[in-house]
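One letter stands for each residue in the lines below.
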4 protein chains.
Amino acid sequence: MKLFAGCELLYQVPAPAPVVLMLRPRSGAGQWVISEEYQIEPSIPVIEYTDPYGNLCQRLMAPEGQFKIQISLVVETADEIDTAPGAPFVPVQDLPDDTLQFLLPSRYCQSDRLGALAAEITETALPGYDQVEAIRSWIQTRVTYQYGTSDASTSAVETAEKRIGVCRDFAHLGISLCRSINIPARMVVGYLHLLEPMDLHAWFEAFIDGRWYTFDATQKEPRGNRIVVAYGRDAADVALATQYGAMTLEEMRVWVEEKKTDA
Amino acid sequence: MKLFAGCELLYQVPAPAPVVLMLRPRSGAGQWVISEEYQIEPSIPVIEYTDPYGNLCQRLMAPEGQFKIQISLVVETADEIDTAPGAPFVPVQDLPDDTLQFLLPSRYCQSDRLGALAAEITETALPGYDQVEAIRSWIQTRVTYQYGTSDASTSAVETAEKRIGVCRDFAHLGISLCRSINIPARMVVGYLHLLEPMDLHAWFEAFIDGRWYTFDATQKEPRGNRIVVAYGRDAADVALATQYGAMTLEEMRVWVEEKKTDA
Amino acid sequence: MKLFAGCELLYQVPAPAPVVLMLRPRSGAGQWVISEEYQIEPSIPVIEYTDPYGNLCQRLMAPEGQFKIQISLVVETADEIDTAPGAPFVPVQDLPDDTLQFLLPSRYCQSDRLGALAAEITETALPGYDQVEAIRSWIQTRVTYQYGTSDASTSAVETAEKRIGVCRDFAHLGISLCRSINIPARMVVGYLHLLEPMDLHAWFEAFIDGRWYTFDATQKEPRGNRIVVAYGRDAADVALATQYGAMTLEEMRVWVEEKKTDA
Amino acid sequence: MKLFAGCELLYQVPAPAPVVLMLRPRSGAGQWVISEEYQIEPSIPVIEYTDPYGNLCQRLMAPEGQFKIQISLVVETADEIDTAPGAPFVPVQDLPDDTLQFLLPSRYCQSDRLGALAAEITETALPGYDQVEAIRSWIQTRVTYQYGTSDASTSAVETAEKRIGVCRDFAHLGISLCRSINIPARMVVGYLHLLEPMDLHAWFEAFIDGRWYTFDATQKEPRGNRIVVAYGRDAADVALATQYGAMTLEEMRVWVEEKKTDA
């Protein structure tokens, strides 16, 4: 499906402050960025670089006063996510070098502390895809989705204890449980069609049978029509806007709609 | 100036063939990609990766039949290129690691064979910016710009001999001469406002006093309003479309216009 | 001083298990690896790769039975660490791209939660080197060094609370406090001459005035004669031996001695 | 076989000059660096970095006067090179991203000009390994190996014409012919046991059936017991010592011997 998606961020900036944005999606497996319109008001110099995870980042100095960032995208996306029940586990010795970092614990994903839980959840699953699906399904049924129950410092260990959180907490828990059974897992942030209420979204990917698969523990049957904006070890790596200074986000708007073939 | 630029490539494809495109500019020093519309017809899966020079490349299989690629850009560009007469040469021992590769000879830039010419041209110039400007100015006055006098296999040594060529030959010669006096130099391809006749363009950059500067030997007074699309050692690295199979480019259209602030 | 250093790891391996080692130091600022002898017994195939932080890693399958790894090094090291009181803070907008990741919180360095403490400690310090030295000195005087008081899951937030730990905890706390005031900081593991009792060691580096400086909160006056083996965000990235399977480390020996110029 | 190998370079340096060395082999498929001793006299600061091809490079300023570099290695090597008659060609669309650069023409490998010759040589060969072996064998029988017939500027096109050269010319021609039929090929420099007369050596690798294979056109039956020191597009990338200034190489010694298991 062709999606029309984007977001608008409106800031009040009391004094010029450095900002790093990560709002520009890349074309890749399952998504093709047909068009992109990226506006910054007032217009100021921006430098773009690629971070260690391959994300395109924009560095700039937010000027004093009102500051607006808007990105609009038209992206061809896959209507279904790929699934592969039974796909086999990749033994660590056969993993590609660049997936090994996604086995390590990270800020919000203390996989070193969740091994017992993971073993329990995946006890009867076949090694590989079915283990990750068991983890995803366990989170989906045992953790309550509720706004305002977690914050920017909540990590997977806390979510495992409290069994409540939002999409990023669900992803952090899923990632941690995968890593603790030696399955590389990474954080994804992006857009999802028909999300209710509409917002930016987070989910995770696990490396199975030679490729990355999409998992989303917030949905009973994870839907397709997703736009990946950034990858990372966890939320620490994929903040779509990181500000180094005082700035107030006054308004944020996110939209994801079907783009009718005409028009 | 805000530029509206882009190109359209129309191919006839007798049998499915792999293609690598390099058409998506990055935002960076002196350019901000406000909007981009990238269309491929018929619509097919595309994978994007970053090449060793940081260029965004798109891999795809061109399907049999008529195949069209179109990219439209709106880019804020600098009206003037930065110049820095007198800016000092960076001794090799102080060059950043990642500039060292741009001292090496490459396919079209046999800097190992052009040292004597470079020494002659830059004899009276101050080391650094003024040397490169002497090289640029020498090429601009001594080499004749003429279509159809060179081809895809023409290299800097031949251009130095024949003193005739097109923009890519001018750039290759400039790059080679810089490298032979230990100034890192790289190829740039992109768009230039008011180019006559309109086409894609090539020029070069040299690393002086801690940063890259733009040089264009095809113009008496190099203008600004340029959109960089790709960087590389020479033309071998920055082909905007590389086809691995028989395909006929039936039509190619390039445009670069001022984008009026309204509309 | 020329150091003769190294370590020996002796494992019992019940069943073949994948291992990633990070034992090969690189030559760099302040250290030159004169000689290295790296032995694995029994001899087995090893693949080497470079991780995202530039560390050389060795991948192998530890065979069943007794398994020994030994590395011996002769390294020329600087007798003193560089210090730079008064060296200025680099504003975030001027930081090199590749240092930005060292501003982010990580597994053991929850810099997002230690801002208040950092502000307090550095209140009267000049921005830059003096802030980091204030942090280092605060840890050195306020945190008790004691073996057995922390473990592999202890993070900076806990160390800030309990005020007790070992070298890696001291480093994690130092790193977290630096990051929380927007100074990039990274973990270092390696060898230190005259460490008592002899063991592998951990310290940290902070990015100030355009380069990385060494800080070690475990010593009143941090000494030189250090061999850096690996860099990372925190201990999660720089485990010198990561095993993915059951293996018992039966014996570990570390040595660092002055290498007499003769012999 | 365990090899004891190394080289010694003795320079006279009239004035301090920057040098980049590429003498430190990496452990990898088919080779394990057991020990390495790397000496520079007089002792001076050296910085190590990894070039775009993964080679470890050492940067230094050669001091005025006599300057000596010596590296001694003990390396476990494979007694035989892997061969795979019949192994299939990888279609360009299935090549890993990082092999694509080894399809491009380069300074000494003008693959864009040797397509006709390659087609002729490989006419009856199965796509893949057998094509490369046909190329290797053609070079081995049709090109005369003779010292002093080529120099540092000789490229594959000239070797194809003159049919005479040394190991690096043989490699350049092999690489060019492979690339012209869309098989990624790269230059290798290193040591070869029993080379006559003893010297550093050059050969090439081609990417077939998902991995790199070793080819050496200077030998009727390419032997094993090779130590890879560096990889690159061609000789421009893999100079083991690049000097940026006047220095005289007074003496060069290379040795490769079997290391008896004892001693």
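Residues numbered from 1 in each chain as written. Chains lettered and ligands numbered in written order. Predicted model: local features only at pLDDT ≥ 70, side-chain atom pairs only at ≥ 80, totals over all residues. Heavy atoms only, no water.

Taking an unreviewed UniProt entry as the reference, chain A is identified by name as Transglutaminase family protein belonging to Larkinella humicola.

*Asks:* Requested: an account of the relation of the copies chain A and chain C, with residues and values cited.
*Replies:* Placing chain A over chain C gives an RMSD of 0.0 Å and needs a rotation angle of 180 degrees, together with 0.0 Å of translation along the axis. Here the transformation between the copies is reduced to the relation of a two-fold axis. Minimal C-alpha separation from the rotation axis in chain A is found for Arg107 of chain A, amounting to 1.8 Å. Comparing interface residues between copies, 100% of those in chain A also lie at the interface in chain C; the contact surface is shared. (Least-squares fit on C-alpha atoms with pLDDT ≥ 70 in both. Contact = heavy atoms within 4.5 Å.)

*Asks:* Can you explain the UniProt feature "domain: Transglutaminase-like" (unreviewed entry) in chain A? Please cite residues and give values.
*Replies:* With numbering aligned to this structure, UniProt lists the feature "domain: Transglutaminase-like" (unreviewed entry) at residues 159–219 of chain A. The span residues 159–219 of chain A shows a helical share of 30% and a strand share of 38%, and its end C-alpha atoms are spaced 17 Å apart. (UniProt positions renumbered as here; feature names shortened; annotations may be inferred. Helix = DSSP H or I, 4+ residues; strand = E, 2+ residues; numbered from the N terminus.)

*Asks:* So what's going on with the interface of chain A and chain C? Residues and values would help.
*Replies:* Listed per partner, the contact involves 31 residues of chain A and 31 residues of chain C. Overall, the association of chain A and chain C removes approximately 2600 Å² of surface from exposure, summing both partners, and the carbon and sulfur fraction of that is 54%. Considering only the side of chain A, the residues that lose the most area to chain C are Arg59, Arg107 and Tyr244 of chain A, jointly responsible for 25% of the buried surface there. Counting across the interface, chain A meets chain C through six salt bridges. Linking Arg107 of chain A and Asp112 of chain C is a salt bridge whose minimum nitrogen-to-oxygen distance equals 2.8 Å. For the side of chain A that touches chain C, the elements supplying multiple residues, two or more each, are β2 (17–24) and β5 (56–62) of chain A. Looking at the side of chain A that touches chain C residue by residue, the classes come out as 17 nonpolar, six polar and eight charged. (Buried area = accessible area lost by both parts, 1.4 Å probe. Salt bridge = Lys/Arg side-chain N within 4 Å of Asp/Glu carboxyl O. Nonpolar A, V, L, I, M, F, W, Y, C, P; charged D, E, K, R; others polar.)

*Asks:* Which residues make up the arrangement of the chains, and what are the values?
*Replies:* In this view chain B stays clear of chain C, with the nearest C-alpha atoms of the two still 12 Å from each other. One finds no contact linking chain A with chain D; the least C-alpha distance across the pair is 12 Å.

*Asks:* Let's hear about the relation of the copies chain B and chain A: which residues, and what values?
*Replies:* One copy of the chain maps onto the second through a rotation about an axis and a displacement along it. It takes a turn of 180 degrees to lay chain B on chain A, together with a shift of 0.0 Å along the axis; the resulting RMSD is 0.0 Å. With an isologous cut-off of 70% or more, the 100% of interface residues of chain B that recur at the interface of chain A puts this contact in the isologous class.

*Asks:* Break down the sheet that holds strand β14 (residues 248–258) of chain B for me, citing the residues and quoting the values.
*Replies:* Within the open sheet, the eight strands sit side by side as β14(A)-β1(A)-β6(A)-β3(A)-β3(B)-β6(B)-β1(B)-β14(B). Their pairing is antiparallel. Looking at which strands have only one partner, the edges of the open sheet turn out to be β14 (248–258) of chain A together with β14 of chain B. On average, adjacent strands in this sheet sit at an angle of 10 degrees to one another, irrespective of strand direction. Bridging between strand β3 (residues 31–41) of chain A and strand β6 (residues 65–77) of chain A involves ten bridges; their strand directions are antiparallel. By the bridge assignment for β6 of chain A, Tyr38 of chain A is matched with Ile71 of chain A. (Pairing = 2+ DSSP bridges. Axes fitted to C-alpha atoms, helices over the stretch in contact; angles between N-to-C directions.)

*Asks:* Break down the confidence of the model for chain A for me, citing the residues and quoting the values.
*Replies:* On average, residues of chain A carry a pLDDT of 95, and 99% of them reach 70 or more. Both scores are given for the predicted complex: the pTM is 0.94, the ipTM 0.94. (pLDDT = per-residue confidence, 0-100.)

*Asks:* Got a sec to walk through the domain arrangement of chain A? Specific residues and values, please.
*Replies:* Residues and elements named next belong to chain A. Per the domain assignment, the segments of chain A are domain 1 (2–78 + 240–258) and domain 2 (92–232). Between domain 1 and domain 2, roughly 1600 Å² of surface is buried when both sides are summed, and carbon and sulfur atoms account for 67% of that area. Area buried by domain 1 at its contact with domain 2 is led by Tyr53, Leu240 and Val256, which between them contribute 31% of it. Remark: the boundary between domain 1 and domain 2 carries zero salt bridges. Where domain 1 meets domain 2, there are four residue pairs in polar contact (both at pLDDT 80 or more). Broken down by element, the residue count for the side of domain 1 that touches domain 2 peaks at six residues, all from β14. Residues that form the side of domain 1 that touches domain 2 fall into these classes: 16 nonpolar, four polar and three charged. (Domains from an automatic or database assignment. Polar contact = N/O pair within 3.5 Å; in protein donor to acceptor, adjacent residues only side chain to side chain.)

*Asks:* I'd like a rundown of the packing of helix α2 (residues 129–142) of chain D against helix α4 (residues 167–180) of chain D, residues and numbers included.
*Replies:* All names here are of chain D. Between α2 and α4, whose axes approach to 10 Å, the crossing angle comes to 145 degrees. The crossing of α2 and α4 is right-handed. Packed against α2, whose contacting residues are Val132, Ile135, Trp138 and Ile139, the element α4 presents Phe170, Leu173, Gly174, Leu177 and Cys178 at the interface. The residue makeup of the contact of α2 with α4, split by class, is eight nonpolar, one polar and no charged. (Left-handed = near helix turned anticlockwise from the far one by under 90°.)

*Asks:* I'd like to hear about the interface of chain B and chain A, residue by residue, with values.
*Replies:* Contacts between chain B and chain A engage 21 residues on the former and 21 residues on the latter. Roughly 1800 Å² of surface becomes buried between chain B and chain A when both sides are summed, with 48% attributable to carbon and sulfur atoms. For the pair chain B and chain A, the interface holds two salt bridges. A salt bridge links Arg26 of chain A to Glu48 of chain B; the nearest nitrogen and oxygen atoms lie 3.3 Å apart. Put simply, chain B and chain A have 13 residue pairs in polar contact (both at pLDDT 80 or more) between them. Residue assignment for the side of chain B that touches chain A shows that the elements contributing at least two residues are β3 (31–41), β4 (47–50) and β5 (56–62) of chain B. A total of nine residues in the side of chain B that touches chain A trace back to one element, the largest contributor, which is β3 of chain B. A breakdown of the residues in the side of chain B that touches chain A according to their chemical character gives ten nonpolar, six polar and five charged. Of the pairings in the sheet, the one linking β3 of chain A to β3 of chain B comprises three bridges and is antiparallel in character.

*Asks:* Account for the state of the cysteines, naming residues and giving values.
*Replies:* A covalent bond between the sulfur atoms of two cysteines is referred to as a disulfide. Inspection of the entire model under this criterion finds zero disulfides over all chains. Not engaged in a disulfide, the cysteine Cys178 of chain A finds its nearest cysteine sulfur in Cys109 of chain A; these two sulfurs lie 9.9 Å apart. Taking relative accessible area as the criterion, Cys178 of chain A reaches 0% and is therefore assigned buried. In this model Cys7 of chain C remains outside any disulfide bridge; the closest cysteine sulfur is found in Cys167 of chain C, 14 Å from its own. (Disulfide = S-S within 2.5 Å. Buried < 20%, exposed > 50% of the residue type's maximum accessible area, 1.4 Å probe, protein only.)

*Asks:* Requested: an account of the pattern of salt bridges, with residues and values cited.
*Replies:* Residue and element names in this part refer to chain B. Taken as a whole and assessed by the stated rule, the structure comprises 48 salt bridges over all chains. Of the charged contacts, one joins Glu133 and Arg136 as a salt bridge, the two residues approaching to 3.0 Å between their closest N and O atoms. Pair noted here: Glu133 and Arg136 are both in helix α2 (residues 129–142), with a separation of three residues, about one helical turn. Judged by relative accessible area, Glu133 falls into the partly exposed class, the value being 27%.

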